[in-house]
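Commentary on secondary and tertiary structure
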Amino acid sequence: MNVFVRKKDKKNGSGSSASLQDLDPADPLQEDKPMPSRSPSPTGHDSSNSEDDKHTNHLQSGEYADRVQALLTLLNDLHELRTTHFQLSIPSVAVIGNQSSGKSSLIESICGISVPRESGTCTRCPMRCEIRRTESSSRRGRRASWTAKISIEVSTLPDPTVTRFRSFGPATIHDPGAVELWILRAQAAILNPHLEPSMFESLSREAINNLRSDSANQSMLFFSEKLLKIVIEYAGATPLTFIDLPGIVHNIPDGAPPDTPDVIRRLVKNHIQHTDTIILVTIPAIDDIETQEAFKLAREVDPDNIRTLGVFTKSDLLQASSTNMMKRRLRDVDDGHRLDGGLGYFAVKLPDDSEREFGEARIQEMERELFETQQPWKAVKNRERLGVKNLVIHVGSLLADLVDARLPFLRREVDTALADTKLELSLLPPEPDWSKTKREVKLHLLLASFVQEHMSLTQHDIETYKKFAAEIVATKPPYGDSPTSYWTHIDETIRKCTTWELPGNTPYLALKSLISEFTARWKDPSQTCFTHVAERLASYLEDSLINEHFKEYPVLQEHVLQVTQTSIRDRSSSANLRLNSVLDLEQRVPFYTLIQDDYISAVNTWKNTINNYGYSGQYTLQTELMAKALAYYGISSKRFTDYVMLTIEAELKQDFSNTLHAILLDSISSSVSSPSIEELMAEDPGLEKRRAGLKEKASALDGILARLLEYDPDLVAASDLFTSPSSPGQPSSSATADNNWGFSGGKKKKKGKRLDPSI
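Calculation notes
- Residues numbered from 1 in each chain as written.
- Predicted model: local features only at pLDDT ≥ 70, side-chain atom pairs only at ≥ 80, totals over all residues.
- Heavy atoms only, no water.
- Helix = DSSP H or I, 4+ residues; strand = E, 2+ residues; numbered from the N terminus.
- Buried < 20%, exposed > 50% of the residue type's maximum accessible area, 1.4 Å probe, protein only.
- Contact = heavy atoms within 4.5 Å.
- Pairing = 2+ DSSP bridges.
- Right-handed = clockwise from strand over helix to strand, strands pointing away.
- Core = buried A, V, L, I, M, F, W, Y, C linked by side-chain atoms within 4.5 Å.
- Salt bridge = Lys/Arg side-chain N within 4 Å of Asp/Glu carboxyl O.
- pLDDT = per-residue confidence, 0-100.
- Phe/Tyr/Trp six-rings, centres within 6.5 Å; stacked < 30°, edge-to-face > 60°.
- Expected span 1.5 Å × (residues − 1).
- Bend = angle between axes of the 7 residues up to and from the residue.
- Axes fitted to C-alpha atoms, helices over the stretch in contact; angles between N-to-C directions.
- Parallel < 35°, antiparallel > 145°, perpendicular 65-115°, else oblique.
- Left-handed = near helix turned anticlockwise from the far one by under 90°.
- Nonpolar A, V, L, I, M, F, W, Y, C, P; charged D, E, K, R; others polar.

A few points about the overall build of the protein chain
- Secondary structure assignment for the protein chain yields 23 helices and nine strands.
- Of all 759 residues assigned to the protein chain, the portion counted as buried reaches 48%.
- For the protein chain, contacts bridging at least 24 residues in sequence account for 80% of all contacts bridging at least 6.

A few points about the pairing of strand β7 (residues 277–284)
- Buried residues dominate β7, accounting for eight of its eight residues.
- Both faces of β7 are covered, namely the face carrying T277, I279, V281 and I283 and the face carrying I278, L280, T282 and P284.
- The sheet contact formed by β7 and strand β8 (residues 308–313) spans six bridges and is parallel. Across the sheet, L280 pairs through a bridge with L309, a residue of β8.
- Following the backbone out of β7, through helix α9 (residues 293–301) and into the adjacent parallel β8, one traces a crossover that is right-handed.

Observations concerning the nonpolar core
- The biggest cluster of nonpolar side chains holds 54 residues, and the ones touching the most others in it are L106, I150, I230, F242 and L280.
- Other than its neighbours up to four places away in sequence, L106 contacts V95, L280, T282, V311, V348, L350 and L391.

Focus: the pattern of salt bridges
- Under the counting rule described, the total for this entry stands at 25 salt bridges.
- Here R166 makes a salt bridge to E196, at a shortest N to O gap of 3.1 Å. Taken together, the residues R166 in strand β4 (residues 163–173) and E196 in the loop between α6 (179–191) and α7 (205–209) connect sequence positions 30 residues apart.
- Look at E196 and you get partly exposed, because its relative accessible area is 38%.
- The shortest N-O distance in the salt bridge between K653 and E649 comes to 3.0 Å. Here K653 pairs with E649, and both are found in helix α20 (residues 620–669), just four residues apart, close to one helical turn.
- Counted as one network, the salt bridges with shared partners bring together D461, R536, E649 and K653.

So, the pairing of β8
- Within β8, six of the six residues are buried, which leaves the element mostly enclosed by the surrounding structure.
- Alternating residues of β8 divide into T308, G310 and F312 and L309, V311 and T313, and every residue in both groups is buried.

Things to note about the confidence of the model for the protein chain
- Per-chain confidence: the protein chain averages 74 in pLDDT, with 69% of residues scoring 70 or above.
- The least confident element of the protein chain is helix α23 (residues 737–740), whose mean pLDDT is 36; the most confident is helix α14 (residues 462–473), at 93.
- Scored below 50 in pLDDT, residues 137–142 makes twelve contacts in the model with residues more than four places away or belonging to other chains.
- Throughout residues 720–759 the model reports pLDDT below 50, and contacts reaching past four residues in sequence, or to other chains, amount to 85 contacts.

Observations regarding the packing of aromatic side chains
- What the rule picks out here adds up to eleven aromatic pairs.
- With a centroid separation of 6.0 Å and an interplanar angle of 75°, the aromatic rings of Y479 and Y486 are classed as edge-to-face.
- What makes Y479 buried here is its relative accessible area of 2%.
- By relative accessible area, which is 26% here, Y486 ends up partly exposed.
- Ring-pair connections join several aromatic residues into one group, and the members of that group are F468, F518, W522, Y633 and F640.

Quick look at the environment of F242
- Residue position: F242 is located in strand β6 (residues 240–244).
- Discounting chain neighbours no more than four positions away, the residues touching F242 are V93, V95, I107, I110, C111, M127, R128, C129 and L280.

Examining the side chain of E651
- You can see E651 is positioned in helix α20.
- When near neighbours in sequence (up to four residues on either side) are disregarded, E651 contacts R571, A575, R578 and L646.

Some words on helix α12 (residues 388–426)
- End to end, α12 covers 55 Å across 39 residues, agreeing with the expected 57 Å (1.5 Å per residue, within 8%).
- Along its length, α12 shows its largest kink, about 35°, at L407, and proline P408 lies within four residues downstream of that point.
- With 28 of 39 residues buried, α12 is to be regarded as a mostly interior element.

Some points on the environment of L556
- Residue position: L556 is located in helix α18 (residues 554–587).
- Look at L556 and you get buried, because its relative accessible area is 0%.
- In this structure, the C-alpha to C-alpha distance between L556 and I668, residues 112 residues apart in sequence, is 9.9 Å.

Examining the packing of helix α15 (residues 487–497) against helix α16 (residues 508–519)
- Relative orientation of the contacting elements α15 and α16 amounts to 130°, with a least axis distance of 8 Å. Regarding the angle of α15 to α16, the classification is oblique. α15 and α16 meet at a crossing whose hand is right-handed. Packed against α15, whose contacting residues are H489, I490, T493, I494 and C497, the element α16 presents L509, A510, S513, L514 and E517 at the interface.
- Looking at the contact of α15 with α16 residue by residue, the class counts come to six nonpolar, three polar and one charged.

Comments concerning unusual backbone geometry
- Cis rather than trans, the peptide bond between Q375 and P376 has omega equal to 0°.
- Looking at the element boundaries, P376 is found in the loop between α11 (360–373) and α12.
- Phi is positive for S100, which is not a glycine, with a value near 65°.
- Summarising the element assignment, S100 is placed in the loop between β1 (92–97) and α4 (103–111).
- A relative accessible area of 56% means that S100 is categorised as exposed.
- Its identity as a non-glycine residue notwithstanding, N305 has a phi of 65°, on the positive side.

With respect to the packing of helix α8 (residues 260–272) against α9
- At a minimum axis distance of 10 Å, the contact between α8 and α9 shows a crossing angle of 45°. Classed by the angle they form, the pair α8 and α9 counts as oblique. Like other packed secondary-structure pairs, α8 and α9 cross with a definite hand, here right-handed. For the pair formed by α8 and α9, the contact residues are R265, V268, K269 and I272 on the first element and E293, L297, A298, E300 and V301 on the second.
- Residues that form the contact of α8 with α9 fall into these classes: five nonpolar, no polar and four charged.

Notes on the environment of L309
- Within the secondary structure layout, L309 lies in strand β8.
- For L309, a relative accessible area of 0% puts it in the buried group.
- C-alpha of L309 to C-alpha of I278: the two residues are 31 residues apart in sequence and 7.7 Å apart in space.
- Once residues lying within four places of it in the same chain are set aside, the contact partners of L309 are I279, L280, V281, L343, G344, Y345, F346, R385, L391, H394 and V395.

Right, dumping it as structure tokens:
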């Protein structure tokens, strides 16, 4: 069942269409149900030729106006919240048809603006007409507030596939009568992308008409896919978007590229595939529907015919002698929406070029006379399917249904955004609310916990110390593993160091020289170890501790960072001096140890090891010298490794940790230039602003949710099991179209109160 068939259609169209015998071509005055009397114009007084009446669209009042204005207000409020959740847009109406089928005339009649009609200047690019509402309480105010703005889609260099809109013509057009010429100029600018658009802003109508015949301008396009956008605003207007598309052609027009028909079909299809677009297909009443290419394109994107509405134009050309065609038109208008399972058909009479200046009242009168006096129109039982005004009312009801159908999805989006906002707010630190005393207590607790947390750094340096110890092990004299390779080196050392020693005695200076060889290699590993620990301490404090521990208080965070950096530099200088002292002790006499038993045992062990190479008794002096050097290395290297580690821990880290709390407290109260406690404990302005913004956003979303529920207390969020509306450029399949929009078997859901933008 078609959900768009409203009660009024069933009421007036429930009977069968007029029988063929009822169609008496010889009786042009055949009596039938009269057309409904014309209601007052939307300005509140009878229609006339005034400019106010001429440029007022029929959708200015009624249920669609109320609903869509409220929805637009809601969507604008949501977009102002800068949330990425909301993708819903205001429904639009696309008007398509074969060339010269009355599309532009229908746009004029509905929107109240004139579009170019001169030969060669028909719709050559898609035109998007957006009508918006401004606030004004008086008729004079509404007339004075009427404005129009025109912009054109242009390519963006260096990537021509990226487009943007640029303003065209005056910033604001206040004269409705001037719009047609500005549209003509804007279209010419779009068709000449190789030229600067501003060149066309001063061209006359005649100059534009002569552009294509100009031999110097052979680069002018015949059609363009670029969009011409006009935004019209006036008091009391209904937010509405109409899209006028180029007429579909079968044959290649004179001077047009060979692919012109395909370009137009692709352009039309791109604009009608959106699931929130009502498709109006204009068909001359004297033409066969089956020959209309526009209907074929509509079926491709709307195979179930739930968004497509046929509009018969040029109804006055249907002659009484065309009995078969008259019968088909009668059947189409009266029963088409039921027999075809879609939205059916309307019939309208649009003014030709000679009638355009008659004024709204006369144009409506001519339309009413046609449908009341001529066949087959006067035999139509469903009178509400005749005339522009009835068409607009029906389209308004379709758009209103779309608005209602998307509300569950909007509710879901609001619920999601509200939940996300509240979650994000809950993850922020609580808002501080304390006195000066509470601030002082909080400050001391923060500093104390910071110092305590810093203590955990000790274990992180164990691997550094192990690496340092391995590097010291690597300085062991090599002759312990290969004595034969170093006999020459040992002999040369003994020779240089022998003075008054008696034969067979080991020169002490030779032993000292061998010991100095390996202790001289200890400086670089010890300095590397110290530097790594000091840098790790500073980095850990800044990156992992200070930035995290004091992130809520940026002034305190910066103050603690500066104090700790200064303290680390001071302690590093002092600790480095102590480290150098430890190194000096190992590099100058006396080379001595009190654990002599261990030393003697090690000497004997090394002698045995060297003698095992087969030189026992041959190199006694050399063997003893190497054994003593190796034994002393074993004791001194272990002693040095421990002392380096203990010095760094005690003189750098422990001393820094033990004094840090006192240094921090002293830095707060020692100088008048120090930040006050109030300044130190001031919350991060960014955090404060973020919390306030989230609170404001949550409050706004609560308000929007309340307004949705005010409209319909029974409104529930669309289930995630349903497919959400397709994004632009991605039409949904016909099988899921109803579910996509929350439609349910043609039954209209119960209405609540109207959405009130003032809530």
